[in-house]
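Descriptive structure summary
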There are 2 protein chains.
Amino acid sequence: MEAAAVAVAGSVTPFSGATITRPRPMLREVSRAMAQCSTCSLQQHCVPVGLDMEAARLLDRIVTSRIRLRKRDVLIRPGQPFTALYAIRSGSCKTVLIAEDGNDQVSGYHIAGEIIGADGIATARHDCQAVALEDAEVCVLPFERIEQLARNDSRVQATLHRLLSSEISREHNLMLMLGTMRAHQRLASYLLDLSQRYGSRGYSSSEFMLRMTREEIGSYLGLELETVSRLFSRFHREGLIQVQARLVKLLDRIALKQLVAASA
Amino acid sequence: MEAAAVAVAGSVTPFSGATITRPRPMLREVSRAMAQCSTCSLQQHCVPVGLDMEAARLLDRIVTSRIRLRKRDVLIRPGQPFTALYAIRSGSCKTVLIAEDGNDQVSGYHIAGEIIGADGIATARHDCQAVALEDAEVCVLPFERIEQLARNDSRVQATLHRLLSSEISREHNLMLMLGTMRAHQRLASYLLDLSQRYGSRGYSSSEFMLRMTREEIGSYLGLELETVSRLFSRFHREGLIQVQARLVKLLDRIALKQLVAASA
DNA sequence: CGCCGTCTTGACGAATCTCAAATAAAGTGG
DNA sequence: CCACTTTATTTGAGATTCGTCAAGACGGCG
């Protein structure tokens, strides 16, 4: 009785930031039996963070289903009615802002444990697009249920508020980066951010795979793809990192941090 | 029993983005009797927007006090414990993000009817500074009360969620601007945004006073103050606006919009 | 094996920043 | 209210960063 959250088609749209070249099938809803926060291995990184077992059980009532995404599948499209938040269970997504004039910008890179879709609440429509960067799985959190549960339990309520507010803080950091940093500082900052996020999830914090193209990274950082490429080469040449296509290894984290902090 | 929200000192801090040259007295709390959403003239623009009379009365229980600010008074300082949101009743404020390295950036310009402080929820501490750009008055909305009321009334809850989400959307727009626009487009975009916001509050949408310096505007737009100044001169020369110090008059709104929309 | 999307690198130019100096406006104390 | 001090704004000239255009290399997939 509530497949609404999965009303996400898969065909090409005029919005599409990614170059989708072939029609895609509907996104597939996965058995809801498996969607349980209380037994999920991501508990410490996802919505339930900080909640005790009892509260985590409450969340089991929210997560009604999961969606499997293949690389380039579109999870959210701009203008789409807002019904749910999505928690990434595995894989990664980018979010893309698309202005009326066609201007677009990658506004986020999201990995397991992170939540997307909060932009849609105010207007009841999403204003960004979300696309899988690799095969991924997301949990669907119907917003009505969240609100209902939040009214009945202050822990759930606090979790929701924390979640919305941290999206605001995340964007604050991005704005600081876009508004005050030089190209090389932005890239260094991006690499350190990835490192920190992978590290806190138990992946290597010094060696990882970039899931976005140079162009997408550039868009995210407010730069052209050539600038990103040149900076990767320069960092490599200067011994700060080792980079081979999408595989990056941080060699001198301290120097990277100094780059970011340097006022000039 | 709850003066906590007013625990805001006024002396010089190492953070201070504005150049405050003298010590300032404590911010003054104003009689709480007057703070009533249900009779406030800003109802259509502030928190109560969209609520009926009955729901607006609920908000009266939230707004416990008001604070008067003089120009340059600091309402929120970074790191300060989060206790409340603030609704601007009159006057205007800027919010400033401050990085550890001292890097700072104006992240918002807020006028009557707008809410500030939502960044603090996630970490229980504010991460931005809020400073009055002119004499102003703000309503204090203790967050505990908001949450309590939101649990009991879904209209209040929805209002809160809408409010947090629109802050996210506001920042999305800023990011698009910082990440994809040229200097002249950013300024045109800023002027149109001011125009729209003043207009919707019953002020003139074509003639208004800038409350920020060229430097603050530059910081907000990710530009140097000289660039801002030159652009004001250029827009004036080209007949798009008339500008005399802080007083701006929009002469050709269509051309300004075209500037913003132009892809190159 | 060849195509296509991605990435790298170079050369050049435009946009923007930096530094500097003059002018205008605002704030301060008498 | 005036004279003085400080802050804000404008404008110019030169330096720098980054974007644009172009060509070729790389690599994965059919």
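Focus on the protein's contact with DNA strand C
Around DNA strand C, a shell composed of 19 residues is seen, among which Arg230(A), Ser233(A), Arg246(A), Ala183(B) and Thr227(B) lie nearest. Of what DNA strand C places within 4 Å of the protein, 69% of the atoms are sugar or phosphate. Between Arg246(A) and DNA strand C, the recorded distance is 2.7 Å, taken from a side-chain N or O atom to a phosphate oxygen. Where the surface near DNA strand C is concerned, the elements lending two or more residues are α6 (225-237) of chain A together with α6 (225-237) of chain B. With five residues, α6(A) is the single largest residue contributor to the surface near DNA strand C. Across the surface near DNA strand C, the residue classes break down as three nonpolar, six polar and 10 charged.

Brief notes about the side chain of Ser189(B)
Residues and elements named next belong to chain B. The residue Ser 189 is located in helix α4 (residues 183-200) in this model. According to the relative accessible area criterion, Ser 189 is buried, its value standing at 19%. Apart from the residues within four sequence positions on either side, Ser 189 is in contact with Met 177, Met 181 and Val 260.

Description of the environment of Glu134(B)
Residue and element names in this part refer to chain B. With respect to the secondary-structure elements, Glu 134 resides in the loop between β8 (128-132) and β9 (136-142). With 49 residues separating them along the chain, Glu 134 and Ala 183 place their C-alpha atoms 27 Å apart. A distance of 2.6 Å separates polar atoms of two side chains, one belonging to Glu 134 and the other to Ser 92.

Let's talk about the protein's contact with DNA strand D
With respect to spatial proximity, 18 residues lie near DNA strand D, and among them Thr227(A), Arg230(A), Arg214(B), Ser229(B) and Ser233(B) are the closest. Of all atoms in DNA strand D that approach within 4 Å of the protein, 66% are sugar or phosphate atoms. At 3.3 Å, a side-chain N or O of Glu226(A) approaches a base nitrogen of DNA strand D. A distance of 2.5 Å separates a phosphate oxygen of DNA strand D from a polar atom in the side chain of Thr227(A). Elements that contribute at least two residues to the surface near DNA strand D include exactly α6 of chain A together with α6 of chain B. With five residues, α6(B) is the largest single contributor of residues to the surface near DNA strand D. When the residues that make up the surface near DNA strand D are grouped by side-chain class, the tally is three nonpolar, six polar and nine charged.

Some details on the relation of the copies chain B and chain A
Superposition record for chain B on chain A: RMSD 0.0 Å, screw rotation 180 degrees, translation along axis 0.0 Å. A rotation of that kind, with that shift, is consistent with a two-fold axis. Of every C-alpha in chain B, the one belonging to Arg151(B) sits nearest the axis of rotation, 2.0 Å from it. Mapped onto chain A, 100% of the interface residues of chain B again fall at the interface, so both copies present the same surface.

Description of the interface of chain B and chain A
Listed per partner, the contact involves 40 residues of chain B and 40 residues of chain A. When the two sides are added together, the surface that chain B and chain A hide from each other amounts to roughly 3,700 Å², 61% of it contributed by carbon and sulfur. Along the contact surface separating chain B from chain A lie zero salt bridges. Per-element accounting of the side of chain B that touches chain A gives the leading share, 20 residues, to helix α3 (residues 154-180) of chain B. Of the residues in the side of chain B that touches chain A, the class split is 17 nonpolar, 14 polar and nine charged.

Criteria and thresholds
Residues numbered from 1 in each chain as written. Chains lettered and ligands numbered in written order. Predicted model: local features only at pLDDT ≥ 70, side-chain atom pairs only at ≥ 80, totals over all residues. Heavy atoms only, no water. Near = heavy atom within 4 Å. Polar contact = N/O pair within 3.5 Å; in protein donor to acceptor, adjacent residues only side chain to side chain. Helix = DSSP H or I, 4+ residues; strand = E, 2+ residues; numbered from the N terminus. Nonpolar A, V, L, I, M, F, W, Y, C, P; charged D, E, K, R; others polar. Buried < 20%, exposed > 50% of the residue type's maximum accessible area, 1.4 Å probe, protein only. Contact = heavy atoms within 4.5 Å. Least-squares fit on C-alpha atoms with pLDDT ≥ 70 in both. Buried area = accessible area lost by both parts, 1.4 Å probe. Salt bridge = Lys/Arg side-chain N within 4 Å of Asp/Glu carboxyl O.

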